[in-house]
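Here's the letter readout for the chains.
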Amino acid sequence: MIDISKSGSWTLGDRPVHRIGYGAMQLAGPGVFGPPKDRATALAVLREAIESGVNHIDTSDFYGPHVTNQLIREALSPYPDNLTIVTKVGATRGDDASWLPAMKPAELQKGVHDNLRNLGVDVIDVVNLRLMGDIHAPKEGSIEREFTALAELQQKGLIRHLGLSNATLAQVHEAQRIAPVVCVQNQYNLVQRQDDALVDELAGLGIAYVPFFPLGGFSPLQSDRLAAVAKHLDETPMQVALAWLLHRSPNILLIPGTSSLSHLRQNLAAADIVLPHEVLDELEVIGAKAH
């Protein structure tokens, strides 16, 4: 039996969560657009995640659009008291599956209301402002207008806590002057280490860091080396990548996503993996930049 409590816990705002959660993005169709290929399995994945102890789900109403939130509601509502649902706003989807910025205050307000309606809740636990930047990389620039719009919805009682996605440290500080930030969600993994300093700074501030794409940006050589380490440990590369992130810092919360029950079980089993010192040293070599 998987015991994800071994991953540790973190308080997200005022919500205690296990450090391994679940990301719902892959429940939508190809390209995160349209319905799932297998609706019954998508619902089963969500239910098994909760039964396995997951109490942190990451989603957005622009996944599908609307698809993942509607699946979450169908599978899990009425929601367990200890479940924290984190969503994000700042984009919409075109009819051609394109990703379109939606950062005007009225668009952000609509995004929040879409999430409320499709999740079937009166208040959202956490809403991240998803900055479009360079899509997967942050880009400097003021976010005062946008974050203020979400802070006003928080003051109205529609949002419990606020976070940022695809953000820089300067943007975190700017947002903190408007309302408390409880999490930052950026691309980060063993080889994508641009946020090393940000991870540590946020840990000192008591702010969660939520990495996405745990295997994104690996070169073929890096992937081969990780696969060799994983084979030696009798684990999958994804499990080793997740275990490394858990080791990296106590404020890191994982949201691996999958539409497969077997992959869900593998991901959650990363909570049990202890990486020996020699393996950690080997992984650091893999993650080091080539000179």
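Here, every reference points to the structure presented above.
Enquirer: Would you mind showing me how to read the pairing of strand β5 (residues 84-89) here?
Expert: As a general feature of sheets, a regular strand has side chains that alternate between the two faces. A large share of β5 lies buried, amounting to six of its six residues. Bridge count between strand β4 (residues 56-58) and β5: three bridges; the pairing is parallel. Across the sheet, the residue bridging to I57 is I85, located in β5. Of the crossover connections in this fold, the one passing from β4 over helix α2 (residues 67-76) to the parallel β5 is right-handed. Examined bridge by bridge, β5 and strand β8 (residues 124-130) share four bridges and lie parallel to one another. What sits directly across from V89, in β8, is L129.

Enquirer: Hey, could you run me through the side chain of T168 in this one?
Expert: Tracing the backbone through its elements, the reader meets T168 in the loop between β9 (159-165) and α5 (169-176). Side-chain polar atoms of T168 contact the side chain of E140, separated by 2.9 Å.

Enquirer: Hey, could you run me through the nonpolar core in this one?
Expert: For soluble globular proteins, nonpolar side chains are generally found buried alongside one another. Membership of the largest hydrophobic core comes to 82 residues, with the highest contact counts inside it found for L46, I72, V112, L129, L150 and L283. The dominant element in this core, judged by the number of residues it contributes, is helix α8 (residues 237-248), at six residues. Setting aside anything within four residues of it in sequence, one finds L46 in contact with Y22, L27, I57, L71, I72, A75 and L76. Grouped together as the second largest cluster of nonpolar side chains are 11 residues, L12, V86, A208 and L253 included.

Enquirer: Please explain the environment of N128 as it appears in this structure.
Expert: Of note, N128 is situated in strand β8. Sequence-wise, N128 and V184 are 56 residues apart; in three dimensions their C-alpha atoms are separated by 7.9 Å. Sequence-distant contacts of N128, defined by excluding residues within four places in its chain, comprise V86, T87, K88, V89, G163, L164, S165, C183 and Q185. Polar side-chain contacts of N128 include one of 3.4 Å to the backbone nitrogen of L164.

Enquirer: Help me understand the sheet that holds strand β10 (residues 181-187), please; the structure alone is not making it clear to me.
Expert: The strands that make up a sheet are held in pairs by hydrogen bonds between backbone atoms, and each pair lies either parallel or antiparallel. Strand order in the open sheet made by the seven strands is β3-β4-β5-β8-β9-β10-β11, with parallel pairing throughout. In this open sheet, the two strands that pair with only one neighbour each are β3 (22-23) and β11 (208-212). Contacts from helix α4 (residues 144-155) reach β5, β8, β9 and β10, with the element oriented near 160 degrees to β9.

Enquirer: Would you take a moment to explain α8 for this structure?
Expert: Residues spaced three or four apart along an α-helix point in a common direction, a consequence of the helix completing one turn every 3.6 residues. Spanning 12 residues, α8 covers 16 Å between terminal C-alpha atoms, matching the ideal 16 Å at 1.5 Å per step. Across the 12 residues that make up α8, a large majority, nine, are buried. For α8, the full list of buried residues reads Q239, V240, A241, L242, A243, W244, L245, L246 and R248.

Enquirer: Quick question: what am I supposed to make of the pattern of salt bridges here?
Expert: The final tally for this structure, using the stated rule, is 13 salt bridges. The partner of E146 in a salt bridge is R145, and the shortest N-O contact between them spans 3.5 Å. For E146, a relative accessible area of 11% puts it in the buried group. Residues R193 and E284 are paired through a salt bridge, measuring 3.6 Å at the closest nitrogen-oxygen approach. Remark: E284 occurs in helix α10 (residues 277-287) and R193 occurs in the loop between β10 and α6 (196-205); sequence separation between them is 91 residues. The class for E284 is partly exposed, based on a relative accessible area of 36%. Counted as one network, the salt bridges with shared partners bring together R193, D196, D200, R248 and E284.

Enquirer: I keep staring at the environment of V89 and nothing clicks. Help me out?
Expert: Here V89 shows up in strand β5. We classify V89 as buried; its relative accessible area is 2%. Spatially, the C-alpha atoms of V89 and S165 are 9.4 Å apart, while their sequence positions differ by 76 residues.

Rules used throughout
Residues numbered from 1 in each chain as written. Predicted model: local features only at pLDDT ≥ 70, side-chain atom pairs only at ≥ 80, totals over all residues. Heavy atoms only, no water. Buried < 20%, exposed > 50% of the residue type's maximum accessible area, 1.4 Å probe, protein only. Helix = DSSP H or I, 4+ residues; strand = E, 2+ residues; numbered from the N terminus. Pairing = 2+ DSSP bridges. Right-handed = clockwise from strand over helix to strand, strands pointing away. Polar contact = N/O pair within 3.5 Å; in protein donor to acceptor, adjacent residues only side chain to side chain. Core = buried A, V, L, I, M, F, W, Y, C linked by side-chain atoms within 4.5 Å. Contact = heavy atoms within 4.5 Å. Axes fitted to C-alpha atoms, helices over the stretch in contact; angles between N-to-C directions. Expected span 1.5 Å × (residues − 1). Salt bridge = Lys/Arg side-chain N within 4 Å of Asp/Glu carboxyl O.

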